[in-house]
Number of protein chains: 4
Amino acid sequence: MLTMPIPEYLSEILDNVRAHTSGEVADYIPELKSANPHPLAVALCTVDGHIYSSGDDEIEFTMQSISKPFAYALALQECGPTEVFAAVAVEPSGEAFNELSLDGENRPMNPMINAGAIAINQLINGADSTVEDRVEKLRKYFSELAGRELTIDRVLAESELGAADRNMSIAHMLRNYGVIEDEAHDAVLSYTLQCAIKVTARDLAVMTATLAAGGTHPITGKKLLDARVCRLTLSVMASAGMYDEAGQWLSTVGIPAKSGVAGGLIGILPGQLGIATFSPRLNAKGNSVRGVEIFKQLSDDMGLHLMSTEPVSGHAVRSITREGDTTFIRMQGAMNFSASESFLHAIVEHKFQGNLVVLDLSRVLTFHSVAIRMIKEGLKRIRDAGFEVAILDPDDVLPDVRFSDGTVCSQIT
Amino acid sequence: MLTMPIPEYLSEILDNVRAHTSGEVADYIPELKSANPHPLAVALCTVDGHIYSSGDDEIEFTMQSISKPFAYALALQECGPTEVFAAVAVEPSGEAFNELSLDGENRPMNPMINAGAIAINQLINGADSTVEDRVEKLRKYFSELAGRELTIDRVLAESELGAADRNMSIAHMLRNYGVIEDEAHDAVLSYTLQCAIKVTARDLAVMTATLAAGGTHPITGKKLLDARVCRLTLSVMASAGMYDEAGQWLSTVGIPAKSGVAGGLIGILPGQLGIATFSPRLNAKGNSVRGVEIFKQLSDDMGLHLMSTEPVSGHAVRSITREGDTTFIRMQGAMNFSASESFLHAIVEHKFQGNLVVLDLSRVLTFHSVAIRMIKEGLKRIRDAGFEVAILDPDDVLPDVRFSDGTVCSQIT
Amino acid sequence: MLTMPIPEYLSEILDNVRAHTSGEVADYIPELKSANPHPLAVALCTVDGHIYSSGDDEIEFTMQSISKPFAYALALQECGPTEVFAAVAVEPSGEAFNELSLDGENRPMNPMINAGAIAINQLINGADSTVEDRVEKLRKYFSELAGRELTIDRVLAESELGAADRNMSIAHMLRNYGVIEDEAHDAVLSYTLQCAIKVTARDLAVMTATLAAGGTHPITGKKLLDARVCRLTLSVMASAGMYDEAGQWLSTVGIPAKSGVAGGLIGILPGQLGIATFSPRLNAKGNSVRGVEIFKQLSDDMGLHLMSTEPVSGHAVRSITREGDTTFIRMQGAMNFSASESFLHAIVEHKFQGNLVVLDLSRVLTFHSVAIRMIKEGLKRIRDAGFEVAILDPDDVLPDVRFSDGTVCSQIT
Amino acid sequence: MLTMPIPEYLSEILDNVRAHTSGEVADYIPELKSANPHPLAVALCTVDGHIYSSGDDEIEFTMQSISKPFAYALALQECGPTEVFAAVAVEPSGEAFNELSLDGENRPMNPMINAGAIAINQLINGADSTVEDRVEKLRKYFSELAGRELTIDRVLAESELGAADRNMSIAHMLRNYGVIEDEAHDAVLSYTLQCAIKVTARDLAVMTATLAAGGTHPITGKKLLDARVCRLTLSVMASAGMYDEAGQWLSTVGIPAKSGVAGGLIGILPGQLGIATFSPRLNAKGNSVRGVEIFKQLSDDMGLHLMSTEPVSGHAVRSITREGDTTFIRMQGAMNFSASESFLHAIVEHKFQGNLVVLDLSRVLTFHSVAIRMIKEGLKRIRDAGFEVAILDPDDVLPDVRFSDGTVCSQIT
């Protein structure tokens, strides 16, 4: 049997970072302080549901702040962007411990800082929900994302509550400004239980891949979130996910990300894959030392930087050739705005001869709606210039074979 | 002759926003205050050098803050990231008028605020440069990006200098902290002249497309910037380009952007295209009212959001079929990490029979380096499992036809 | 019988300000919102225990923030300045609702803002005290200052607790930084009960006069506080008592002061008198509108500005005359540093003749310790110059009739 | 001849602090960096013009920030408080190097920070003044206060200008906000020359004593400033003179003060005396290390704390006695509000008999206006109760011998 080299590649990366033993495990509660600092794991999940992992990928740890983007996505899905934006802004900010974490309209600056995350948690399951119902909704939703029943570390949550002055202070501030209505204690309890949901690095990779895939679960294929919700969640991870290092992270790693104090770190390549790492030792900023290293390496090695300027579609017009009276326009790749522009550009430049023009879509992979519109318009112009037009689309990638004026275009096979 | 629908589409967009007559032209100097508020233009330039524009696309205006990302790119190219990062950080920040615009190491927060832009300007042409030499270097470089000789509006620059207390205050602050060494007056003069370089919307689209194309000029094909420089420039535009609305802009428009007080606005889709608009009336945040509207519409219509989760490569493995003793693996589209993962996944799952395996690359557009490595590794594993392996690559998209162990792979045609 | 004009003067002042009906009663809890806005009172108490008042001087209201300086004085008296300064700083600050209310050592900026006042409250009766014991200690101490049994408005306190998110947020922040150790709820309960102690304007005048008198109760004569404690309390009232208007208040009124949200306002002239007003309508800064007016008028009319440059002691050396062989030096007024300097200056300038020098202290009122030391030294120098020296001190104002070298000086009667 | 012990006392204090050799001379320009760190001086000047000094009291140094309160007083005297308050606020603030040094109305927070001091300097001699005329006005005025022609250290000023980025930045910020209108360079030049006026510790003591004396020069007796101007100047020194240690200084030393970077430090006891010290080594806050020590000692030893609660007037009613039909009321000390209250209290309590009441003022030193009014009212009430009233005032301390209704009171001798 063939074996898969990606896990070997991931193991190599783990070997590269294993020597980084600097940093300390979080120590503000006994349960975290006594955590084993040694585990190390990395996991990827593609939008097609292929999972690769290496290291201690089955060790459970609590999500902590990594729960924030998922709860944000659920709130957007449940309440809609209008209600969510009215409660929490999306501007970058350090995790300041005070009213500076609120903007001019007394909204938390973004959902990635605790003030915003507590406010988002309160949107889940309606303002009248009990704590248990709200947390159960989150647990079920996170479980559906992970593809297995997740559990809550209630012992750790209890311990967190005993050291929750920071969050209690924030919750009372939010109540004071009318951002939340629930009792401060209940709001913090609810948020703390959300943070205490236990996952493995593999779970996180799968959960994250759903965001990368525009809301379709990579394994079950179930549509869990709108594409717009995913886009908004990724946007806020990009601008605010790494606290006051957001700009540095975007420049050097270029992957929307979020870290948790228990040692987890996730990242997302829109349309491609979800990434998760686990290593409990944290740097001074509270991010996993080895997790950060792994992301840097993956970004460099794998060309995963969001601002990568490599052409995404290549030459969309593969060729324009004439055979007798027929001109063949052969398209290839994914048809997005750029590709359809290439098409339009080519047909305007081309001196058509003969009487039939065939658009060959047999090498086309996908169609973005703007491309459909523009290519139909191009075809209509060819037709209006006096040519017959036919489409060759063996894989039915074009959903609706018409010109831009709505009239039907002929197909050939 | 066929006509191109994209300019018509752009004209439509201009018609949609023409009614927005709110906002005011900048009024802090007579030259800007007396500016004609009516001009309206939009221009696109693809990485292939196709330019589309509509409206007053030949009216010249001063770049102002739009010069910041280009000067930043030049500084990165000239001095390297290490020197540039030592001078200016990359964290988002409001355009605060004070030492809060400096970080803990007394570096300006980012190169998109005036403090950072003045510091970046001083890096150009070396610390010992005269003002005129430095400005001439910038003008020449901007001209090369635009593809024509740009000129400086020295009357406007003179007027700006008469109202430059804000920048003078910043320059003296920078000198006080040792960020710049030049005379404050000269630093402000140099920066003001950089801002007074005149461009049209078309110029800006072309200049911006070079950044989108990883530094290769879309028309001349000349390599002007390293891909890494472009990536860093786009990153800082994404995180800090729109001042204290950076997060909101990233969520709703999702295009790295920069605006200028004379009414210009630019945006970049990495690997795809540059966009520029011009309309002098500004909103309270100092951004062009109609420019912002145009970007919102383009982002919605054309699916240009950076966080778009639509699959970029589609199904990279088009098919695996067997004809007699030969198994054909047909790949398609751009080979990035995701595509090569699909390949590896497919060959591991597939039960190979016969004795020859042919990798058909005839529908493949481009190869990212990670994909080359991974596909070569996959081929080696097929070979090691006892099969003959051959590559069909009519367009020579794979630069080097070898297995991952360096041995040569056979080719068929 | 003669009648006293001071109450008439105070009534006149009340009449002058009665027309000021702007401002609003505090409205964050029903009990304050429904308060009668009309009452108006002013009361003075001299360090000799003479009380003057006018208006609704017997209406009870809750102390609220006016309790802060008294609790601070009690903490200084109980724990000593070292422990108190370690917990709370003394720098002016606005009443910011966040960690900005803490200084670089995480101490609340001063005891007049809520963060500082909650921390001070926790110092009373030891860290292990129950809430009830701590509050009872404060109530008893405030009662002793007022000269009658004060009671706590527990209904109002209960209502305050229902709207105490601001203070709860602060208390949790203080716990987070280790400033306080008690449960946040208990700390806020304890502070809220302190604030809910009920007083009249007359009570406040008496309580305040004790601070003016260096800690000696003006009526009972009981020594309740050290002079140093009073000096420190007055200092912090002067620099931080009026929140972010502290400087304006010091310039225009010049009286260390503190206001409460129920409408009270107190002020202190060190060594002279305590002042209290009551009128519930507050300005935007939360200070009693008419109370502020009364203080302005009293300061103007009565020359009570702390920075008043009118000479406090006048010509301390009333005369130097010679009768035969005897030279009489007649001193007058309070002997402070300035007065003793006048004495020394005079004897150095004077050409003594004859053989006896008599220091006549019959017009001297009091002696500051520095004056005792300096005057004894002066007498010694006269003696060392060859003269006989005698003291005439019919009222025994000089505690110990000796030269600075410890030898006894003769007295005459 | 007798010798004066005060200089000996001052020498003792200098000896006590001489060992404090910590701290560093200011080093931002060569002229200050190369200053001799060893000089040590202290000087006092009473409101009566007696000067005492010890140490290097004749060494000249530049005033630097010590010039601020004197320039503020001159601006108040020239322009009046309304215009001055419109330009500069009086609230405490750290010496922040940015717009945070401006309040909500874009006024510098107070005249003791550089932003405020530069704005105050611009008020002197009118907005249209040349720099030289403005500086000459300040020099002449400072010379008049010092009692000798002061000169400007133009070499040092020149050097300061070469390192004036901080002040230049502030001046441009002030221009940007319309606080000043002059060229930034001229404003900084003017302020820098003001700071470069040279004084000795003795000069400063004399200058400061004029503020203590309500504006009357202690030696020439010339009225240079209104009492109100002095009160306002002292107020702002008390609340903002020691930057972000203002509260600590007020608590521990309790003397309105101002320090300069060349090593000077001044303090003022209203109505009593001016104090100046000189020692160039500065602590981290920029205050003279030994100067601070001297002030602490003087405050402790000499009872000079502003919040001192020692009674200032003592028992104003020395006695009430009857001889036959005549009742003698003997007053003593300075007649302020407290004293007159004592008088009123006494006559209301007293059961008058006989038919003549004599008010004996022969031990009275001074009369505050409120006391005149109240004592006249008291006499009227005695008269209205049916008694004859006469005043014994051998020293004519009561300016106008009438009852409160304007009728003339009889006098006896």
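Throughout this document, residue positions are counted from 1 along each chain, in the order its sequence is written. Chain labels run from A onward and ligand labels from 1 onward, assigned in the order the entries are written. Restriction of local features to residues with pLDDT of at least 70 applies here, the model being predicted, together with a cutoff of 80 or more for giving and counting side-chain atom pairs; totals for whole chains, interfaces and linings are based on all residues.

(A) Summary view of the UniProt feature "domain: STAS" (unreviewed entry) in chain A. Under the UniProt annotation, "domain: STAS" (unreviewed entry) lies at residues 316–402 of chain A. A run of H or I in DSSP counts as a helix once it spans at least four residues, and a run of E counts as a strand once it spans at least two, with each numbered from the N terminus. Secondary structure within residues 316–402 of chain A divides into 33% helix and 39% strand; the distance between the first and last C-alpha atoms comes to 21 Å. UniProt positions are given in the numbering used here, feature names are shortened, and annotations may be inferred rather than shown by experiment.

(B) Layout of the environment of B:Gly241. Structurally, B:Gly241 can be placed in the loop between helix 11 (227–240) and helix 12 (246–252). Contacts here follow a simple rule: the backbone-placed C-beta atoms of the two residues must lie within 7 Å. Not counting residues within four places of it along the chain, the set of residues in contact with B:Gly241 comprises B:Met112, B:Ala246, B:Pro256, B:Ala257 and B:Lys258.

(C) Representation of the relation of the copies chain D and chain C. Mapping chain D onto chain C calls for a screw motion: a turn of 180 degrees about the axis and a shift of 0.0 Å along it, with 0.1 Å RMSD after fitting. In symmetry terms, the pair is related by a two-fold rotation axis. Of every C-alpha in chain D, the one belonging to D:Gly333 sits nearest the axis of rotation, 2.4 Å from it. Here the copies were fitted onto each other by least squares, based on C-alpha atoms from residues at pLDDT of at least 70 in both.

(D) Broad picture of the pairing of strand 9 (residues 326–335) of chain C. Residue and element names in this part refer to chain C. Judged by how many residues are buried, strand 9 sits mostly within the fold: 7 of 10 residues are covered. Note: two strands are recorded as paired if DSSP finds a minimum of 2 bridges between them. Turn length for the strand 8 (residues 317–323)-strand 9 hairpin, with the two strands adjacent in sequence and antiparallel, is 2 residues, and the turn residue Gly324 shows positive phi of about 65 degrees. As judged from the 9 bridges shared by strand 9 and strand 10 (residues 356–367), these two strands associate in the parallel manner. In the strand pairing of strand 10, Thr327 is matched with Val357. When the strands point away from the viewer and the path from the first strand over the helix to the second turns clockwise, the crossover is right-handed. You can see the chain leave strand 9, run along helix 13 (residues 337–349) and come back into strand 10, and the turn it takes is right-handed. Neighbour density around each residue's C-beta defines its exposure: 20 or more other C-beta atoms within 10 Å make it buried, 12 or fewer make it exposed, and counts between make it partly exposed, where C-beta atoms are placed from the backbone.

(E) View of the interface of chain D and chain C. Chain D puts 76 residues into the contact, and the matching count from chain C is 76 residues. Those elements that place two or more of their residues in the side of chain D that touches chain C are helix 1 (5–18), helix 10 (227–240), helix 11 (246–252), helix 12 (289–302), strand 9 (326–335), helix 13 (337–349), strand 10 (356–367) and helix 14 (369–384) of chain D. Examining the composition of the side of chain D that touches chain C, we find that 10 residues originate from one element, helix 10 of chain D, more than from any other. The classification used treats Ala, Val, Leu, Ile, Met, Phe, Trp, Tyr, Cys and Pro as nonpolar, Asp, Glu, Lys and Arg as charged, and all other residues, Gly among them, as polar. Partitioned by chemical class, the residues of the side of chain D that touches chain C number 36 nonpolar, 30 polar and 10 charged.

(F) Fine view of the pairing of strand 11 (residues 388–392) of chain B. Residues and elements named next belong to chain B. Note that strand 10 (residues 356–367) and strand 11 share 5 bridges and pair parallel. Its bridge partner being in strand 11, Leu356 is matched across the sheet by Glu388. Following the chain from strand 10 across helix 15 (residues 369–384) to the adjacent parallel strand 11, one finds a crossover that is right-handed. The sheet contact formed by strand 11 and strand 12 (residues 410–412) spans 3 bridges and is parallel. When the sheet's bridge partners are listed, Ala390 is paired in strand 12 with Ser410.

(G) Region of the structure containing the domain arrangement of chain A. Segmentation into domains, and thus their bounds, comes from an automatic or database assignment. Considered domain by domain, chain A is made up of domain 1 (5–302) and domain 2 (317–412). Centre-to-centre separation of domain 1 of chain A and domain 2 of chain A, based on C-alpha positions: 45 Å.

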